[in-house]
Amino acid sequence: MAYFAKGFRSRGRIFALMFRSHTCGELRISHVGSEVTLSGWVAKIRLMGSMAFVDLRDRYGITQLSFNEAFNKEMLAKAGELGREYVVKVTGKVAERESKNLQIPTGEIEIVVSDLVILNSSKTPPFTIENETDGGDDIRMQYRYLDLRRDAVRANLELRHRLAQNIRTYLSDASFLEVETPVLIKSTPEGARDFVVPSRLNPGQWYALPQSPQTFKQLLMVRGFDKYFQIVKCFRDEDLRADRQPEFTQIDLETSFLGEDEIMNITEGMAKQVFKDALNVELGDFPRMPFSEAMFYYGS
């Protein structure tokens, strides 16, 4: 059981204020009868006269809260004060739901609320915080912090995190060293225009943002760090294309004393490992095209 608490001091004594004993995606039928504390955002409210049901959401899932006039009239009245996206803390007992929702992991239980604290109220959001939202691109970008609450966006960020973790593990196991290179650099003659940043300390001079970590990774090779990588931001001040935008992220590798077959084996192995660990997808061996065939068919 994980406890999430915040402490405060009064007259030399420290008091702990517990915000949650579990997350909103954690409770199961085995927890029935347990006293728990949850904190999260109000996703849905269903007021039904003498009863009310509230879906409480956090990063980990959704748990249904139950309010019943027969059990606690005061709590039912407080449930009527809630609005969408209110942040609340609730305490209550885990009970088995009469009408189960097997579409979600917590769908067999609900919390019979005995205490409710509104931590923060909210204005009505400009669009519904659901995967199939009624918000267009413009309004969702204007209120990006609300858009990030949707499960579809959360799942994308979690996938990106798993991908990055798997890449780092694979390359570290292959003796690659992750090195962070500077962002404010001298302009280098590459294929695109640089973004420039004026220097306040040196009027009339400026830094360039890197199109790629070219100079610094080559310094590492000259020094003798034979395997380097980083997951790095690159910046190019040029017109948008289907495969290019001003700011993008790349996996950057540099090696010494390796031939082309060894390099292809490393990158192919990385792709296979990442797809397997992050997506549970097994990739077969990559087909390889000879140089002569590539030039004959594609000229590149």
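Criteria and thresholds
Residues numbered from 1 in each chain as written. Predicted model: local features only at pLDDT ≥ 70, side-chain atom pairs only at ≥ 80, totals over all residues. Heavy atoms only, no water. Pairing = 2+ DSSP bridges. Helix = DSSP H or I, 4+ residues; strand = E, 2+ residues; numbered from the N terminus. Contact = heavy atoms within 4.5 Å. Axes fitted to C-alpha atoms, helices over the stretch in contact; angles between N-to-C directions. Patch = residues over 30% accessible without salt bridge, like charges linked within 9 Å, V, L, I, M, F, W, Y side chains within 5 Å. Areas by Shrake-Rupley, 256 points an atom, 1.4 Å probe, with all protein chains shown as cover. Salt bridge = Lys/Arg side-chain N within 4 Å of Asp/Glu carboxyl O. Buried < 20%, exposed > 50% of the residue type's maximum accessible area, 1.4 Å probe, protein only. Phe/Tyr/Trp six-rings, centres within 6.5 Å; stacked < 30°, edge-to-face > 60°. Lys NZ or Arg CZ within 6 Å of the ring centre and 35° of its normal. Expected span 1.5 Å × (residues − 1).

Caption draft 1: Just the sheet that holds strand 8 (residues 177–178), in detail. If you trace the 3 strands from one edge of the open sheet to the other, you get 8-11-12, paired in mixed fashion. This sheet does not close on itself; its edge strands, each paired only once, are strand 8 and strand 12 (247–255). In terms of strand pairing, strand 8 meets strand 11 (residues 227–235) through 2 bridges, oriented parallel. Along strand 11, the bridge assignment pairs leucine 177 with tyrosine 228. Lying over the sheet, helix 4 (residues 151–173) contacts strand 8, strand 11 and strand 12, oriented at roughly 150° with respect to strand 11.

Caption draft 2: Representation of the sheet that holds strand 7 (residues 109–120) within the structure. Read around the closed barrel, 5 strands run 3-4-5-7-6, paired in mixed fashion. With direction set aside, neighbouring strand axes in the sheet form an average angle of 50°. Bridge count for strand 3 (residues 35–48) against strand 6 (residues 87–96) is 7 bridges, and the pairing is antiparallel. Paired with threonine 37 across the strands is threonine 91, a residue of strand 6.

Caption draft 3: Layout of a nonpolar patch on the surface. Where nonpolar side chains cluster on the molecular surface, the patch consists of Met289, Phe296, Tyr297 and Tyr298 and spans about 570 Å² of accessible area. Inspection of the secondary structure assignment puts tyrosine 298 in helix 7 (residues 291–298). Given the relative accessible area of 61%, tyrosine 298 is considered exposed.

Caption draft 4: The arrangement of unusual backbone geometry in detail. Phi at glutamate 85 is positive, roughly 70°, even though this residue is not glycine. Inspection of the secondary structure puts glutamate 85 in the loop between helix 1 (73–79) and strand 6. The buried category is assigned to glutamate 85, whose relative accessible area is 3%. Its identity as a non-glycine residue notwithstanding, serine 175 has a phi of 75°, on the positive side. In this structure, serine 175 sits in the loop between helix 4 and strand 8.

Caption draft 5: Structural context of the packing of aromatic side chains. According to the stated counting rule, one finds 3 aromatic pairs in the structure shown. When the ring of phenylalanine 296 is compared with that of tyrosine 297, the centres are 5.1 Å apart and the planes differ by 85°; the resulting orientation is edge-to-face. Geometrically, the ring pair formed by tyrosine 297 and tyrosine 298 is tilted, given 6.4 Å between the ring centres and 55° between the ring planes. For the residue pair tyrosine 297 and tyrosine 298, the accessibility class agrees, reading exposed in each case. Three or more aromatic residues joined by ring pairs make a cluster, and in this case those are Phe296, Tyr297 and Tyr298. Of note, arginine 223 hangs over the ring of phenylalanine 225, and the distance from its end group to the ring centre comes to 4.4 Å.

Caption draft 6: Region of interest: helix 6 (residues 260–279). The end-to-end C-alpha distance of helix 6, which contains 20 residues, comes to 28 Å, matching closely the 28 Å that a straight helix rising 1.5 Å per residue would cover. All buried positions along helix 6 are accounted for by Ile266, Glu268, Gly269, Met270, Val274 and Ala278. Here the buried face of helix 6 lies against helix 4 and strand 12. Positive phi shows up at asparagine 280, right after helix 6, with a value of about 55°.

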